[in-house]
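An overview of the molecular structure
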Amino acid sequence: MKSLGNVLNVAAFGLALAIPALASTVNVDVTEEHQVIRGFGGMVHNEWQGGGGLSEADAKIAFGTGDGTIGLNTLRIPVYANSNSFNKEVNAAKYAKKYAGDDFILYATPWTSPYAGANQHMSSSNYQKYVDHLNSFNDYMKNQGVPLYAISISNEPDWCGEWACWSADEIYNFTKGYADKMRKNGVKVISTESFRYDKNLYNKVLNDANALKNWDILGAHFYASDRRTGDNFFQYSLADQKKVERWMTEHYTESQGSGNDWRTIRNTGDQANANKRDTVNAMDVGYEIHRAMVVGNFNQYTWWYIRRCYGLIMEKDFGNKLQIPQNEIGKISKRGYVLSQFARFVRPGAVRVGATANPEKEVFASAYKSADGDSVIVVLVNRDYKNSKSVTVKVQGADVQSFHVYTTSQAKNAKDEGEVEVKNGEVTIKMESGSSEFKDCIVTLVGVGTPADPVPREPFGGKVAEIPGKIEVENFDIPGTGKANKSYYENDSEDRGETNFREGTGVDIYKKATGYVVGYNEEGEWLEYSVNVKEAGDYTMFASVATSNSTSGFSLSLDGETLVENVALSGTSFDEFVKVKANVKLPAGEHILRMTVTGSWFDIDYFNFAKGKDAADPDDKTIGLRGVDFRMPTEAENYSVFDMNGVLVGKFEAVTKADVQRMTKNVVRQNGVYFVKSLKSAKSYRISVVK
């Protein structure tokens, strides 16, 4: 092993060891696996590009993987309405396949067809004919020696002024009844590809298993987004739940500036961007890919035209707005080099792994391990154009000895910066742009490492929780390493709790009169517990909760299968704990129980599972009112009435037993069992109301 001094020349590479105190930290966990990466690609449409979409020389630099290439492996082509045009992208496909080799993926998208032109909806009576049309193109490409990997139902159903139109219902009906017939020759089916990633166009299919089975890939475009768009645009929880593979099948970050603009103010405006004076950033490409992979869990990313003045390979501006120097034409653009920082090194079959996504403001990170597991790749994005950044990368789950470093910036084009040595699983570098003007840059670290075995989770206290029985919420499992061994998820790492209990997890644990409780619960957070169900069958789950909100809630799942979709919570105080309940069916044996927050801001103390449907609360020590002579207070007390879901339904004052019974019946609207609590004496009663 070389020493760091031998492999790192600060003056030559502009990459230096940073002062650790000033460096943010990216923790990489190679055992925490997320989505498989299919690769990166671009589009050729020779009818619109005048036959100049991709020459062999272009393909060599676009689909090669060595120095001076982009590293694409995926080519998107159109399915023309006229079968006489089927041959227009054959040569481009053959060139791309030649240089991409075994990693090559070819897929196709129809814009219009003989059965639906621009601004037209297809009659359902033509659905089979449409499938036949797509299959004929499928056969044609196979016979030309460049078979399709996948084919889409249709391009941009929500931009139908220029292409064929599809409503959400039409997409659903076609998918359920006909999409599986598009799988001829083993080709995969891509959904319709929404212009603006409109989830409403996908939801109906995703919610019907019989329809969803006919999609292999969800395709989407990012044209309703830019660098200012919030992360929620990229997120799709329903697709996450259904474990749907997602491809970003078309986008460009901006089309009025040059692909070589690093950071330039220009007039922008086209079908995807407002007409305004704005800053054109090459680094927007890197930021968008980061968010596609990390925030959106996309498996593949396809740029629009490979060769264009705003594309990955430079071309003259056919709109004559820009003067592109002749010596730039046919060469990789700055945008192309930024994309290459992913495409060259995160190869098909790689798996995204755990990494601190946003270690500090304007710094973003993602990490991957190669398909063979013998390489760890970390991509760092610095969007702060005023300041260089120092980043410490700590790797867990693989024995990485060194990283090879590549940088693209205003002054560098995927520059090979040499190697840095990894000591004790970590290395600190300074991301240097090499420019005195702009400091933003993208850095890719490519390491060789031996994967480590995942560390399994452990039940808290070393003992699996028994059901039936009580589970204290703060006693979630002790996490191991690897995605399957995580035992909790927090939206942030700040511990707002007031105890040192479970310190270091970031879970907000408080001490209250009843003991430890978990608070500050925010939507999307979850906790997991190893449980042993003694006997299969019906159970009643009780939970002790407190909130002052009417929109709080949680769900329960067992081994990833939903038990309760949402337990709605409401209340008037975080100091007043009430019971909520739900009936669940549980299989016998050991399982992982997960509580997921569906509505923010509540405290929760424990779960208690009782055998049987609508079983009595094991903690309820009160005696029913019927047939019992209670000694009621001689002074009026204030009472609150809750239904058995914990919803406050009324309040009243009462003195005698008869008053409590009568007032409870007066304040509730429906028959049932209600929980009545005295605010003064802390006594509680269950009252059955029959009107």
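Here is a short report on the structure shown in this document. (Residues numbered from 1 in each chain as written. Predicted model: local features only at pLDDT ≥ 70, side-chain atom pairs only at ≥ 80, totals over all residues. Heavy atoms only, no water.)

Turning to its location among the elements, Thr408 is positioned in strand E16 (residues 398-409). Within the local environment of Thr408, its side chain forms a polar contact with the side chain of Gln341, the two groups lying 2.7 Å apart. Aside from chain neighbours lying at most four places away, what touches Thr408 is Trp262, Tyr337, Val338, Gln341, Asn413, Ala414, Cys441 and Ile442. (Helix = DSSP H or I, 4+ residues; strand = E, 2+ residues; numbered from the N terminus. Polar contact = N/O pair within 3.5 Å; in protein donor to acceptor, adjacent residues only side chain to side chain. Contact = heavy atoms within 4.5 Å.)

Tallied over the full model, the rule gives 40 salt bridges. Among the ionic pairs, Asp619 bridges to Lys470, the shortest N-O distance being 3.1 Å. Placement of the pair is Asp619 in the loop between strand E31 (603-611) and strand E32 (637-642) and Lys470 in strand E21 (residues 469-472), with a sequence separation of 149 residues. In this structure, Lys579 and Asp617 form a salt bridge, with 2.5 Å as the shortest nitrogen-oxygen distance. Here Lys579, found in strand E29 (residues 573-586), pairs with Asp617, found in the loop between E31 and E32; they are 38 residues apart in sequence, far enough to count as distant. (Salt bridge = Lys/Arg side-chain N within 4 Å of Asp/Glu carboxyl O.)

This brings us to the side chain of Arg308. By the secondary structure assignment, Arg308 is in the loop between strand E11 (300-305) and helix H11 (334-343). Although buried, Arg308 forms no salt bridge, and the nearest oppositely charged side chain, Glu315, lies 6.7 Å from it. Sequence-distant contacts of Arg308, defined by excluding residues within four places in its chain, comprise Trp48, Gln49, Ile313, Met314, Glu315 and Phe318. (Buried < 20%, exposed > 50% of the residue type's maximum accessible area, 1.4 Å probe, protein only. Lys, Arg positive; Asp, Glu negative; His and termini not counted.)

Enumeration over the complete set of coordinates arrives at 44 aromatic pairs. Relative to Tyr178, the ring of Tyr127 has its centre 5.5 Å away and its plane inclined at 80°; by these criteria the two rings are edge-to-face. Within this pair, whereas Tyr127 is found in helix H5 (residues 127-143), its partner Tyr178 is found in helix H6 (residues 168-178), the two being separated by 51 residues in sequence. A relative accessible area of 5% places Tyr127 in the buried class. One aromatic cluster is present, formed by Tyr197, Tyr202, Trp215, Phe222, Phe233, Phe234, Tyr236 and Phe298 through successive ring pairs. The side chain of Arg502 reaches across the aromatic face of Phe476, ending 3.9 Å from its centre. (Phe/Tyr/Trp six-rings, centres within 6.5 Å; stacked < 30°, edge-to-face > 60°. Lys NZ or Arg CZ within 6 Å of the ring centre and 35° of its normal.)

Before going further, it helps to spend a moment on H5. Each full turn of the α-helix corresponds to 3.6 residues, which orients residues three or four apart in the same direction. With 17 residues, H5 should cover 24 Å at 1.5 Å per step; its first-to-last C-alpha distance of 24 Å lies within 8% of that length. Those residues of H5 not exposed but buried are Tyr127, Tyr130, Val131, His133, Leu134, Asn135, Phe137, Asn138 and Met141. Lining the buried residues of H5 we find strand E3 (74-79), helix H4 (90-100), strand E4 (105-110), strand E5 (150-152) and H6. At the C-terminal side of H5, Gly145 shows a positive phi close to 85°. (Expected span 1.5 Å × (residues − 1).)

Turning to the nonpolar core, a few remarks are in order. Core analysis: the biggest nonpolar cluster contains 108 residues, and Phe40, Phe63, Leu75, Leu206 and Leu339 have the highest contact counts within it. Looking at this core, the element that brings in the most residues is helix H10 (residues 283-295), giving eight residues. Counting 37 residues, the second-largest nonpolar core is a separate cluster that includes Ala465, Phe476, Leu556 and Val578. (Core = buried A, V, L, I, M, F, W, Y, C linked by side-chain atoms within 4.5 Å.)

This next bit is on H4. All buried positions along H4 are accounted for by Val90, Ala92, Ala93, Ala96 and Ala100. Looking down the long axis of H4, one finds its buried residues gathered within 160° of arc, a one-sided arrangement. Looking at the packing, one finds that the buried side of H4 touches helix H3 (56-63), E3, E4 and H5. Directly after H4, the chain includes Gly101, whose backbone phi takes a positive value near 65°. (Arc of directions from axis to C-beta.)

The buried fraction of E3 amounts to six of the six residues, a majority that puts the element mostly inside the structure. Note that the unit made of strand E2 (residues 39-43), H3 and E3 has a crossover that is right-handed. Inspection of the sheet shows E3 paired to E4 by six bridges, in the parallel sense. Paired with Val79 across the strands is Pro110, a residue of E4. Tracing the backbone out of E3, into H4 and back to the parallel element E4 gives a crossover that is right-handed. (Right-handed = clockwise from strand over helix to strand, strands pointing away. Pairing = 2+ DSSP bridges.)

Our next topic: the environment of Gly269. Positionally, Gly269 belongs in the loop between strand E9 (263-268) and strand E10 (276-281). Apart from residues no more than four positions distant in its own chain, Gly269 is found in contact with Gln256, Ala274 and Asn275.

With that out of the way, let us pick up unusual backbone geometry. The peptide bond linking Ile467 to Pro468 adopts the cis configuration, its omega dihedral lying at 10°. Examined against the element boundaries, Pro468 turns out to sit in the loop between strand E20 (465-467) and E21. Within the chain, Ala414 stands out as a residue other than glycine whose phi angle is a positive 45°. Along the polypeptide, Ala414 turns up in the loop between E16 and strand E17 (415-421). Phi at Trp601 takes a positive value of approximately 70°, unusual for a residue other than glycine.

Take the packing of H10 against H11 next. Packing of H10 against H11 leaves a shortest axis separation of 8 Å and a crossing angle of 30°. Judged by the angle between their axes, H10 and H11 are roughly parallel. As H10 runs across H11, the sense of the crossing is right-handed. In this structure, H10 uses Met283, Val285, Gly286, Ile289 and His290 to contact H11, whose residues at the interface are Arg335, Val338, Leu339 and Phe342. Taken together, the residues that form the contact of H10 with H11 break down as six nonpolar, two polar and one charged. (Axes fitted to C-alpha atoms, helices over the stretch in contact; angles between N-to-C directions. Parallel < 35°, antiparallel > 145°, perpendicular 65-115°, else oblique. Left-handed = near helix turned anticlockwise from the far one by under 90°. Nonpolar A, V, L, I, M, F, W, Y, C, P; charged D, E, K, R; others polar.)

Before going further, it helps to examine the pairing of strand E15 (residues 389-396). In terms of burial, E15 is largely enclosed, as six of its eight residues are buried. Taken together, the six bridges between strand E1 (residues 24-36) and E15 define a ladder with parallel strand orientation. Note that in E15 the partner of Val28 across the bridge is Val395. Note that E15 and strand E18 (residues 426-431) share six bridges and pair antiparallel. The residue of E18 that forms the bridge with Lys394 is Glu426.

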